[in-house]
Amino acid sequence: MEKKYEKVLKVVDVWKSYEDLEVLKGISFELGEQEVKVIFGPSGSGKSTLLRCINMLSPPDKGEIFLSGQSLMASEVDLNAMRAKIGMVFQHFNLFAHLKAIDNVSIGLRRVKGLSKEEAHIKALEALRRVKMAEWANHYPAQLSGGQQQRVGIARALSMEPTLILFDEPTSALDPELIGEVLQVMLDIAKAGTTMVVVTHEMGFARAVASEMIFIDKGVIIERGTPKHFSTSPKSERVKHFLKQIDILYGRHEELLELPDEDD
Amino acid sequence: MSNTPDIFTIFFYILTAGLPATLALTALGLLLGFFLGLTLALMRVYGGIELNWLASGYEKLLRGIPLLVLIFIFTFGIPGLFWYLEPLERPIGGVVLALALRSAAYQSQIFRGAILSVHPGQMEAARALGMSRFQSFRHIVFPQALRLSVPGWSNEYAVVIKDSSFAYAVGIIEMTKAALRISANFPEIWALSMGVVAILYFIFTFPVTKLIGERQTKKLKDLGMGGG
Amino acid sequence: MILQELPELVDDILRVLGFWDQLLIGLAKTMWLYMWALLIGFFLGLLLAILRQYGGRVLSRISTGYIELMRGTPLLAQLFLFYFLPYSINSLLRAEGLPYIPIGGWAFYTTTEIFGRSLTFVFIDHITLIGILTLGLNSAAYQAEYFRGSIMSVGTGQLEAAQSLGMSRRKGIFHVILPQALRRVIPAWSNEAAYLPKYTVVVFYIGVTELFAKAHHIISETFLTLAAYIVVAVIFLVIITLISKGLDIVHKRTAIPGL
């Protein structure tokens, strides 16, 4: 069996602008097999754009993207085939509204990978089982809650057996009580060895499975390190400020509000 | 071939001989349609079941009959109509009536849609201040509804001015008839004259629908007003 | 004045209905024109909408130009333009001494007998062809706008998701965007489909014997002007209402939750 010397993903000095606005300014990082990389930072920092550069939905202006050693920017590359190897889970789910859950998951297998209807159906059902949505296979997206829809979205990406999966703020559009079920699924697949790049501010998830965390602000990587590094000794002021904002989001804001002591 | 009108002559003739009637028919049709249409819209929104049903029936009736049939009914079908007009002017009466009745049915829908899309909170707030239903409508809902109607209304204008071309056969010299007249004896420019008149209609419809219609829609979006 | 004449009017209407064979042929012609115009308009309109939305700069502009031009000019002017074109071209060719295009003089028709009356229906001839083409090309522009609206309402996220699975843009448009867009367009499209029969009367002006033309035929024999027009108006009303209700039922049957 050949040993893979190549990293699964290599992002090399990527730059991207929209009109006059420079959104990404020289981003570089690498991702090995079974690694989970968490990218976080303030909104507008270019994180979503970065993911779309990786799967070439919106190609970088400058820089290189390598998937298992192969450059995605070369002109002779079949982008569709490459994209089939990269899964994506969207903030707004983007489930195909006219298809039942099972068909949402199987359509890629049928139309892109060319599997027969029966084979695709079996694999799709497997994927739905992994995300615990098998009983809802025949429901339409509109009949599912946000958390359920996102889990189907994850199943859709999983069923393609991609080299890696990109997650674009998968829980940001969810009601608080539904976030848990999606994070649980993500934890499960991370522990099962899926290679993931996750844009999120769910620090608990990051602490549990991330091999490295990268903080991006205004298109530049400010700091990177293990989850332990960030929770114990973040260096940059901007990072510290951001982490404090996250704390407030999750209700740990006793200091800030100067809540009265119990004795008063 | 020496005295075949050239494209400029055609253009100029259609403009001077036909445009006045076209604009007059359009303006009158739209105006009368406006008042009737507004009334129908009010009947449907505030009128209660019977009035709603009546207005709705009117709309269905006028939308289901071809305009050409309406024009012929009023110009040739009812001899006594427009007794007060000169015989030569009667076709104008017939065409305007047909255009107005038809336009009213469509304008009614535009206004009804606009009124309904004014945020209900607006009416609530007005009543809370102590205004009567009528005052609330007149000062708060109506002004907003009018603005919301502009895109739909600019579209209706385009429809009516194009429909005015059907009047060519009943003895009114509007643009289409003018185009036919100038090219009558010259088969080689029949198609050309139709092309020219088409461009002329286009000049009078496209800028209006593009600028007024789309700009207003954008302005409304920016203001965050109802609509859509 | 009108109230006194009502019983007389009813009589007149009954006499007009005595010409049911003519009315039937006229109606058949109207529906024939309508059907072809709707079909041509549907496929061409869908193509135009897709080109406008996904076609790239050149195709998108051509499509937009066509749509705006057809929608901004009267149907009658378009009809006359296409009708006169062969004649004008011939005129110019003749002047140069060149051979000219033959126009008209051909027809495909069928004759049948119903209840003792002989009915002849012309499937296609020179003027019917021009009529169908004009109505189809015109309807395509209006239908294109409906399709464009529904395509846009599907949202870019859907195409992104399709591409992220590895589907090419073409596959994404065909398997993901279109099925949704076509279902969403049904209410608005039903509007166009239900009212299109009205517009077929314009071909009366180039001599096609559809329903409205038949009314004139009846008038020339009976002088019952108002009655004839009323009968024709009511027939249109009934047809349009039936089509409208029918499409409503289709809409309810094909509903998918959330679309």
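Caption draft 1: Structural context of the overall build of chain C. When its secondary structure is counted, chain C shows 9 helices and 2 strands. Scanning chain C from its N terminus toward the C terminus, one meets helices and strands in the order α-α-α-α-β-β-α-α-α-α-α. Here the C-alpha coordinates of chain C stretch approximately 70 × 60 × 40 Å along the principal axes. The proportion of buried residues among the 259 residues of chain C is 41%. For chain C, long-range pairs separated by at least 24 residues make up 73% of all intrachain contacts whose partners lie at least 6 apart in sequence.

Caption draft 2: Seen up close, the overall build of chain A. Scanning chain A for helices and strands turns up 10 helices and 10 strands. Its C-alpha radius of gyration of 19 Å places chain A within 12% of the 18 Å reference for a compact globule of 264 residues. With respect to the three principal axes, the spread of C-alpha positions in chain A is 70 × 45 × 45 Å. Within chain A, counting contacts between residues at least 6 apart in sequence, those at least 24 apart form 64% of the total.

Caption draft 3: View of the sheet that holds strand 5 (residues 70-71) of chain A. Residue and element names in this part refer to chain A. Taking strand neighbours across the sheet as the criterion, the 4 strands line up as 2-1-4-5 in an open arrangement whose pairing is antiparallel. Every interior strand has two partners, whereas the edge strands, strand 2 (21-31) and strand 5, have only one. Pairing between strand 4 (residues 62-67) and strand 5: 2 bridges, direction antiparallel. Across the sheet, Leu67 pairs through a bridge with Gln70, a residue of strand 5.

Caption draft 4: Structural detail: the sheet that holds strand 9 (residues 212-217) of chain A. Residues and elements named next belong to chain A. Spatial ordering of the open sheet is given by 6-7-8-3-9-10, a layout of 6 strands whose pairing is mixed. Taken across any chain shown, the strands that pair with only one partner, and hence form the sheet edges, are strand 6 (86-89) and strand 10 (220-225). On average, each strand axis in the sheet is inclined to that of its neighbour by 20 degrees, with strand direction left out of account. Strand direction decides the pairing type here: strand 3 (residues 36-40) and strand 9, joined by 4 bridges, are parallel. Counterpart to Phe40 in the pairing with strand 9 is Phe215.

Caption draft 5: Region of interest: the pairing of strand 7 (residues 164-168) of chain A. Residue and element names in this part refer to chain A. Extensive coverage of strand 7 is indicated by the burial of 5 of its 5 residues. Side chains of strand 7 alternate between two faces, with Leu164, Leu166 and Asp168 and Ile165 and Phe167 buried alike. The pairing of strand 6 with strand 7 spans 4 bridges and is classified as parallel. Following the sheet pairing, Gly87 is matched in strand 7 by Ile165.

Caption draft 6: Just the nonpolar core, in detail. Residues A:Leu128, B:Val69, B:Ile71, B:Met194, B:Val197, C:Tyr229 and C:Val232 are the most contacted members of the largest nonpolar core, which totals 203 residues. Examining the composition of this core, we find that 15 residues originate from one element, helix 4 (residues 90-117) of chain B, more than from any other. Ignoring anything within four residues of it in the chain, the contact list for B:Val197 reads B:Ile14, B:Met175, B:Thr176, B:Ala179 and C:Ala77.

Caption draft 7: Fine view of the interface of chain A and chain C. Contact with chain A, which involves 22 residues of that partner, is made by 20 residues of chain C. Broken down by secondary-structure element, the contributors of at least two residues to the side of chain A that touches chain C are helix 2 (79-84) and helix 3 (101-111) of chain A. Considering every element that reaches the side of chain A that touches chain C, the biggest residue donor is helix 2 of chain A, with 4 residues. Grouping the constituent residues of the side of chain A that touches chain C by class yields 13 nonpolar, 7 polar and 2 charged.

Caption draft 8: Examining helix 3 of chain A more closely. Taken across its 11 residues, helix 3 of chain A has 9 buried, putting it largely inside the fold. Along helix 3 of chain A, the residues classified as buried are A:Ala101, A:Ile102, A:Asn104, A:Val105, A:Ser106, A:Ile107, A:Gly108, A:Leu109 and A:Arg111. At its buried positions, helix 3 of chain A is contacted by helix 4 (117-130) and helix 5 (146-159) of chain A together with helix 7 (169-199) of chain C.

Caption draft 9: Molecular detail of the pairing of strand 3 of chain A. Residues and elements named next belong to chain A. Among the 5 residues in strand 3, 5 count as buried, and that is most of the element. What you see with strand 3 is no split at all: Val36, Val38 and Phe40 on one side and Lys37 and Ile39 on the other are buried throughout. One ladder, built from 4 bridges, connects strand 3 with strand 8 (residues 196-199); its direction is parallel. What sits directly across from Val38, in strand 8, is Val198.

Caption draft 10: Spotlight on the interface of chain B and chain C. Every contact between the two is made by 33 residues of chain B and, on the other side, 32 residues of chain C. The biggest single contributor to the side of chain B that touches chain C is helix 8 (residues 190-223) of chain B, with 11 residues. Residue composition of the side of chain B that touches chain C, grouped by class: 23 nonpolar, 7 polar and 3 charged.

Thresholds, definitions, all that
- Residues numbered from 1 in each chain as written.
- Chains lettered and ligands numbered in written order.
- Predicted model: local features only at pLDDT ≥ 70, side-chain atom pairs only at ≥ 80, totals over all residues.
- Helix = DSSP H or I, 4+ residues; strand = E, 2+ residues; numbered from the N terminus.
- Buried ≥ 20, exposed ≤ 12 C-beta atoms within 10 Å, placed from the backbone.
- Contact = placed C-beta atoms within 7 Å.
- Rg over C-alpha atoms; globule rule 2.2 N^0.38 Å.
- Pairing = 2+ DSSP bridges.
- Axes fitted to C-alpha atoms, helices over the stretch in contact; angles between N-to-C directions.
- Core = buried A, V, L, I, M, F, W, Y, C linked by C-beta atoms within 7 Å.
- Nonpolar A, V, L, I, M, F, W, Y, C, P; charged D, E, K, R; others polar.

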